Amino acid sequence: MKTEISEHLYEKACKWMPGGVNSPVRAFRSVGRIPFFVRSAKGDRLVDEDGNEWIDYVCSWGPGILGHACPEVVDKVRKAVSDGLSFGTPTRKEVELAEMICGCMPSMEKIRLVNSGTEAVMSAVRAARGYTGRDKIVKFRGCYHGHSDGLLVKAGSGLLTGGVPDSDGVPASYTAHTLVAPYNDTEKVAEIFREYGSDIACLIVEPVAANMGVVLPEDGFLAFLREITARYGTVLIFDEVITGFRLGLGGAQEYYHVRPDMTTLGKIAGGGMPLAAYGGRREIMDCISPLGNVYQAGTLSGNPIATTAGIATLSVLMNQPEIYGQIAEKAERLADAYRSHSGLWVNRVGSLLSVFFTDRPVQDYNSAILSNVDAFAAYFDYMLENGIYVAPSQFEAMFVSAAHTTDDIERTVTCIRELDMDKIDRWQ
Ligand code: KE4
């Protein structure tokens, strides 16, 4: 594998950008490699600056459900750019995209378009606090909701105390109202509500966790969260930045038949362009400026190019809903291959999956971190040497797109089945 150009670019990148990247996970630090620099992508393939080509199972961390440079999307974007890039005024496309999203997710009676998942979550939490007049929020260990201060938290000592910042630069006072529980642990959630229920503005959850690797909600977990939040007048927020339009047009809330009060979206909703959204019950969203007193704004919110990509992407998915069954089948082919090895644990829902290097079930953060990250790094190298790019971290997800060809899936299946677990151990 030639790497000279990527190495040269990385050296320059490190001079101008922290870690040479604009988002930490891209730096490949947890797999101990220098990252490759992508020149172009088409369908299920990435091509880097040295000409290496990979079958891509990261899909830009989820947006690429149709594959890269999907003609139905790129053609529309290409035309849109000739009409101007940004106006800072209302546009027809914002209305069209809002109608499409709210039509797919009826719990989103009103919506606000923003530029990133972080911004969507930060704004949704502010809206929930403004609507309830309460301060505390509940999140789950191992769930990631973007990098806004109050959500960069791990559990404090004991589960009922305020969160401890996960990051430097976040004052402890910014996370004191953030309570953390283990994912899938209804008992601990009930304890938190018994202690703080009347002061909890919102509970935010990834309905399928995908930031500790993919961890599925146990039967009844989401329904329990719906019941207890309703009982205490707490706003239930589903962070569907990953699962939205990934598990189906109605996201995880349709898949698991649980209706949240608010939802955050990103990634697929913008077709890979910087577009995200938050929305929910009308009475909550009407608290948002200029109607209400919860302030939120954005120069490029609802940008005409990003909305074009979002509309085009959702149009393809709405016109070809069979895509969801097809990509789920492809993902199951991969999961089945991983299961052929002892010492691996696979979690999959639809076209979203993770393989963990542990032989024990992975149902929350504490079980996920038992995975052997050195073995994962050796597996990552093996896959890359075989022309296959999976997420460069044990605690990320694998995505399958409509563009993954049968040949590439079968090539990946063969590669997985031929994984030599003994050699992986020696590779560590
Ligand atoms: P962004 O601000 O990165 O657009 O979205 C934040 C976010 C919010 N909620 C969920 C459930 C998310 O998964 C994310 C971001 N996901 C990561 C991948 N695990 C983005 C990749 C990265 O950070 O570079």
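Quick caveat, the model's predicted, so the values are computed rather than measured.

## A short note on the state of the cysteines
This model, assessed by the stated rule, comprises zero disulfides. Lacking any disulfide linkage, Cys 104 is separated from the closest cysteine sulfur, that of Cys 102, by 9.3 Å.

## Re the domain arrangement of the chain
As assigned here, the chain comprises domain 1 (4-69 + 321-417) and domain 2 (71-319). Using only C-alpha atoms to locate each centre, domain 1 and domain 2 end up separated by 25 Å. Listed by partner, the interface residues are 32 residues for domain 1 and 33 residues for domain 2. Between domain 1 and domain 2 lies a buried interface of about 2500 Å² when both sides are counted; carbon and sulfur atoms form 66% of it. The largest share of the area that domain 1 buries against domain 2 comes from Tyr 324, Val 349 and Tyr 365, three residues that together contribute 24% of it. The tally of links from domain 1 across to domain 2 stands at zero salt bridges. If you look at where domain 1 meets domain 2, you find nine residue pairs in polar contact (both at pLDDT 80 or more).

## Some thoughts on empty space enclosed by the protein
By the definition in use, this model includes one cavity of 30 Å³ or more. Computed from the structure, the largest cavity encloses a volume of approximately 100 Å³. Along the walls of the largest cavity sit Leu 353, Ser 354, Val 355, Phe 376, Tyr 379, Val 390, Ala 391, Ser 393, Gln 394, Glu 396, Ala 397 and Met 398, which together make up its complete lining. Elements that contribute at least two residues to the lining of the largest cavity include exactly strand E14 (352-356) and helix H13 (373-385). Considering each element in turn, the lining of the largest cavity owes the most residues, three residues, to E14. Tallied by class, residues from the lining of the largest cavity come to eight nonpolar, three polar and one charged.

Rules behind the numbers
- Chains are numbered independently. Their residues run from 1 in the order of the written sequence.
- Where totals are concerned, whole chains, interfaces and linings use all residues; where local detail is concerned, this predicted model gives features only for residues with pLDDT of at least 70, and gives and counts side-chain atom pairs only at 80 or more.
- To obtain the side-chain values, all non-hydrogen atoms of the structure were included, while hydrogens and water were left out.
- In plain terms, two cysteine sulfur atoms within 2.5 Å form what is called a disulfide here.
- These domain limits were set by an automatic method or by a database of domain assignments.
- By the convention used here, residues are in contact when the closest approach between their heavy atoms is within 4.5 Å.
- Buried area, as used here, totals the accessible surface that two parts lose on assembly, with accessibility defined by a 1.4 Å probe and the loss added over both.
- Salt bridges are identified by distance alone: a Lys or Arg side-chain nitrogen within 4 Å of an Asp or Glu carboxyl oxygen.
- A 3.5 Å cut-off defines polar contacts: any pair of N or O atoms within that distance qualifies, except that in protein one atom must be a possible hydrogen donor and the other a possible acceptor, and neighbouring residues in sequence count only when both atoms are side-chain atoms.
- Lining residues are defined by having an atom within 4 Å of a point belonging to a cavity or pocket. Those points lie on a 1 Å grid over the protein atoms alone, cavities being sets where a 1.4 Å probe fits but cannot get out and pockets being open sets with protein on both sides within 12 Å along at least five of seven lines.
- Grid points are joined across faces, edges and corners, and a volume is the space filled by probe spheres set on the points.
- Comment: elements are numbered from the N terminus, with helices defined as DSSP H or I runs of at least four residues and strands as E runs of at least two.
- Side-chain classes follow a simple rule in which Ala, Val, Leu, Ile, Met, Phe, Trp, Tyr, Cys and Pro form the nonpolar group, Asp, Glu, Lys and Arg form the charged group, and the remainder, Gly included, forms the polar group.

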